[in-house]
Amino acid sequence: MLVNPGFEQGLVGWSQGPGSLGAGIFTAETLLNHTSHGAYGAQCNVFNATVGSWSQLYQVVPCAPGESIAASVWYDNYAGAVGQPRLYVSFLDYTGAVIGSPTIVTGAISVFAWSQIQNLAGPAPTGTTGASINIQVYNNGTTPSGYWYWDDVSAVRMAPGPG
C-alpha cells in the first residue's frame, strides 16, 4: 500500500515535515538498513536540535470510514542518538484535515539494534478518505546528537469486522 516502503528509491513517495527541525533532516542512506534484500534506509540527523523539536516523514494512503490501519516500522538508534522514535497514524478528511486524535506509539530506545514499532489505529471515523502514516523523531528533553535509521515501513488497511 505504501510507495517505496524500504527507501530503495531514496525518499520517493515520502514527504518531510511539518516539523520544527526543518527540511532536509531525512536522507536515504546505505550505511544501515534493516533487511538484506535492500540496500537503503532513511536516516534522520538530529545533531543540534532543540528540546521539544521533531522531524518526520509521512505518506498518505487511502482509507474509508470504519477501516483500521495496521502500521509498523523498523528503526535503529545508531551510536546512542537521543530522542524518541514514534510511529503515528492520523485519519484525514477530503481536505487533508485530521479527524480526531492521532494514534501515537513510541518505541523503546535500543542502541545499535533494530527494533520495531507497531501501531493499530482505527476504526476510521465518518468522513475519512485517507490516513497519514508518520515516522518521527521527537527530542524529549536533551541536546541530541547522532542519527536514527528507519526501514521497512508497512501499512495495511483492514476492513471493518462484522457488526
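Look above for the structure.
Below is a short write-up of the structure. (Residues numbered from 1 in each chain as written. Predicted model: local features only at pLDDT ≥ 70, side-chain atom pairs only at ≥ 80, totals over all residues. Heavy atoms only, no water.)

Quick look at the overall build of the protein chain
Part 1 of the argument: Counting its secondary structure elements, the protein chain contains zero helices and 10 strands.
Part 2 of the argument: What you see in the protein chain, going N to C, is helices and strands ordered as β-β-β-β-β-β-β-β-β-β.
Part 3 of the argument: Taken over 163 residues, the protein chain has a buried fraction of 44%.
Part 4 of the argument: Within the protein chain, counting contacts between residues at least 6 apart in sequence, those at least 24 apart form 79% of the total.
Part 5 of the argument: Accessible area of the protein chain: about 7,400 Å², with a carbon and sulfur share of 56%. (Helix = DSSP H or I, 4+ residues; strand = E, 2+ residues; numbered from the N terminus. Buried < 20%, exposed > 50% of the residue type's maximum accessible area, 1.4 Å probe, protein only. Contact = heavy atoms within 4.5 Å. Areas by Shrake-Rupley, 256 points an atom, 1.4 Å probe, with all protein chains shown as cover.)

Digging into the sheet that holds strand 7 (residues 98–106)
Part 1 of the argument: With antiparallel pairing, five strands are arranged side by side in an open sheet as 1-4-9-6-7. The open sheet has two free edges, formed respectively by strand 1 (15–16) and strand 7, since each of these has just one partner strand.
Part 2 of the argument: The pairing of strand 6 (residues 84–92) with strand 9 (residues 130–138) spans nine bridges and is classified as antiparallel. Bridge assignment links Pro 85 to a residue of strand 9, and that residue is Val 137. (Pairing = 2+ DSSP bridges.)

Structural notes on the environment of Tyr 138
Part 1 of the argument: The residue Tyr 138 is located in strand 9 in this model.
Part 2 of the argument: Classification of Tyr 138 as partly exposed rests on a relative accessible area of 23%.
Part 3 of the argument: Through-space distance from the C-alpha of Tyr 138 to that of Gln 84 is 5.0 Å; in sequence the pair is 54 residues apart.

Some details on the environment of Gly 127
Part 1 of the argument: Inspection of the secondary structure assignment puts Gly 127 in the loop between strand 8 (114–121) and strand 9.
Part 2 of the argument: Residue Gly 127 is classed as partly exposed on the basis of its relative accessible area, which comes to 38%.
Part 3 of the argument: Through-space distance from the C-alpha of Gly 127 to that of Ala 64 is 7.9 Å; in sequence the pair is 63 residues apart.
Part 4 of the argument: Setting aside residues up to four positions removed in sequence, Gly 127 forms contacts with Pro 65, Leu 92, Asp 93, Tyr 94 and Ile 99.

Some details on the pairing of strand 6
Taken residue by residue, a regular strand's side chains alternate between the two faces of the sheet.
Part 1 of the argument: The buried count for strand 6 comes to eight of nine residues, which makes it a mostly enclosed element.
Part 2 of the argument: Sheet topology places strand 6 next to strand 7; six bridges connect them, and they run antiparallel. Looking across to strand 7, one finds that Leu 87 is bridged to Val 105.

Details of the nonpolar core
Part 1 of the argument: Phe 7, Ile 69, Ile 133 and Trp 150 are the most contacted members of the largest nonpolar core, which has 27 residues in total.
Part 2 of the argument: Elements with a minimum of two residues in this core: strand 3 (41–45), strand 4 (54–62), strand 5 (68–78), strand 6, strand 8, strand 9 and strand 10 (147–158). (Core = buried A, V, L, I, M, F, W, Y, C linked by side-chain atoms within 4.5 Å.)

Digging into the environment of Thr 106
Part 1 of the argument: In this structure, Thr 106 sits in strand 7.
Part 2 of the argument: The spatial distance from the C-alpha of Thr 106 to the C-alpha of Val 137 is 9.5 Å, given a sequence separation of 31 residues.
Part 3 of the argument: Residues contacting Thr 106, with those up to four places away along its chain left out, are Gln 84, Pro 85 and Arg 86.

Description of the side chain of Thr 128
Part 1 of the argument: Of note, Thr 128 is situated in the loop between strand 8 and strand 9.
Part 2 of the argument: Here Thr 128 falls in the buried class, since its relative accessible area comes to 4%.
Part 3 of the argument: One polar contact links the side chain of Thr 128 to the main-chain carbonyl oxygen of Pro 125, over a distance of 2.7 Å.
Part 4 of the argument: Setting aside residues no more than four positions away along its own chain, Thr 128 makes contact with Cys 63, Ala 64, Pro 65, Phe 91, Leu 92 and Ile 99. (Polar contact = N/O pair within 3.5 Å; in protein donor to acceptor, adjacent residues only side chain to side chain.)

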